[in-house]
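Residues per chain, in single letters:
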Amino acid sequence: MDGEGSALKLRRNYADAVLEAGGVPMLLPLSSRPEVLEEAARVCGGFLFSGGDDIHPRYFGEDMLQCCGAVELPRDEMELALLRIALRDDKPVLGICRGIQTLNVGLGGALYQDLREQTGTRLCHQQKPPYSFGVHKVVLEEDSLLYRIVGKRELQVNSMHHQAVRDLAPSLRAAAVSADGLVECLWRPESRFFLGVQWHPEYLRPADEDAAALFRAFVQAAGQDISQPEDEEHAHIG
């Protein structure tokens, strides 16, 4: 979810990916009021944390460097508060791009404010459009949730980011890494479904079965939420 002043927006391919997987996407208001977030947790079977602006470094204990990009504090506050509720209720969570970073920071991890400035990597992490094809591979951990979903040791992924996971939060595990050692996917073994990917499967999914399978697994987990009837046909995704 991206907020600009009085506007709320989300790229349509996120919603399309959830719909095609059998879910019902819902855009949540940019509010950190407890009663609003609690109602969202009551209504929604799971939460997708989408791409967007940088997370303010203060949330992982750092001053902002010159290389940090645009930030949006109301969104940071809202998503971190929503994440705490999702963890409390064991709601299925999927993070994409900024989303994986939100999951990591929310559980006590830290980020690179800018990959090129702080690591010097030459791997393409900011490809130019179109975004519907992969530019580098990631290697999966066989004991991870991601491997259970796709059943492969390697994936070709797209890449459009300049921040990334630096220090993994204590309760999280790496599920995939790139050739330069970057954590490209993380998961939380204690949760029913808690997964973050640094790439954008919503762009890949029309021609990539592995990307589509990721959304199906998320929606299936959201549809099996313990607070919903067993015969619930559709999952509401915030």
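Right above here is the structure, for reference.
One structure accompanies this document, and this report is about it.

Cut-offs and rules
- Residues numbered from 1 in each chain as written.
- Predicted model: local features only at pLDDT ≥ 70, side-chain atom pairs only at ≥ 80, totals over all residues.
- Heavy atoms only, no water.
- Pairing = 2+ DSSP bridges.
- Helix = DSSP H or I, 4+ residues; strand = E, 2+ residues; numbered from the N terminus.
- Axes fitted to C-alpha atoms, helices over the stretch in contact; angles between N-to-C directions.
- Contact = heavy atoms within 4.5 Å.
- Polar contact = N/O pair within 3.5 Å; in protein donor to acceptor, adjacent residues only side chain to side chain.
- Core = buried A, V, L, I, M, F, W, Y, C linked by side-chain atoms within 4.5 Å.
- Buried < 20%, exposed > 50% of the residue type's maximum accessible area, 1.4 Å probe, protein only.

Description of the sheet that holds strand E8 (residues 154-157)
The mixed open sheet is built from seven strands, whose spatial order is E4-E5-E12-E11-E10-E7-E8. Where the open sheet ends on each side, the last strands, each with one partner, are strand E4 (47-49) and E8. Between one strand and the next, the sheet's axes are offset by a mean angle of 20°, whatever the strand orientation. Bridging between strand E7 (residues 136-140) and E8 involves four bridges; their strand directions are antiparallel. Within E8, the residue paired with Val 138 across the bridge is Leu 155.

Brief notes about the environment of Thr 121
For Thr 121, the position within the fold is in the loop between helix H5 (115-119) and E7. Look past the residues within four positions of Thr 121 in its chain and what remains in contact with it is Leu 115 and Asp 180. In this structure the side chain of Thr 121 is engaged in a polar contact, spanning 2.6 Å, whose partner is the side chain of Asp 180.

Overview of the nonpolar core
Ranked by internal contacts, the top residues of the largest apolar core, which has 33 residues, are Leu 48, Leu 146, Leu 195 and Trp 199. Top contributing element to this core by residue count: helix H8 (residues 209-223), with eight residues. Excluding residues that lie within four positions of it along the chain, Leu 195 makes contacts with Val 93, Leu 94, Gly 95, Leu 103, Leu 145, Leu 146, Ile 149, Cys 185, Leu 186, Trp 187 and Leu 214. Among the nonpolar cores identified, the runner-up in size contains 23 residues, and Ala 81, Leu 83, Ile 100 and Phe 194 belong to it.

Regarding the side chain of His 56
Counting through the fold element by element, His 56 comes out in the loop between E4 and helix H3 (73-89). At 3.0 Å, the side chain of His 56 and the backbone nitrogen of Arg 58 are in polar contact. Non-local contacts of His 56, meaning those with residues more than four positions away in its chain, are made with Met 64, Val 71, Leu 73 and Asp 76.

A look at unusual backbone geometry
Note the cis peptide between Pro 129 and Pro 130, where omega equals 0°. Assignment of secondary structure puts Pro 130 in the loop between H5 and E7. With a phi close to 55°, Asp 90 is a non-glycine residue in the positive phi region. If you check the backbone angles, Cys 97 has positive phi at about 55° while not being a glycine. Relative to the elements of secondary structure, Cys 97 occurs in the loop between strand E5 (93-96) and helix H4 (98-106). A residue is classified by how much of its surface remains accessible, and Cys 97, at 7% relative accessible area, is buried.

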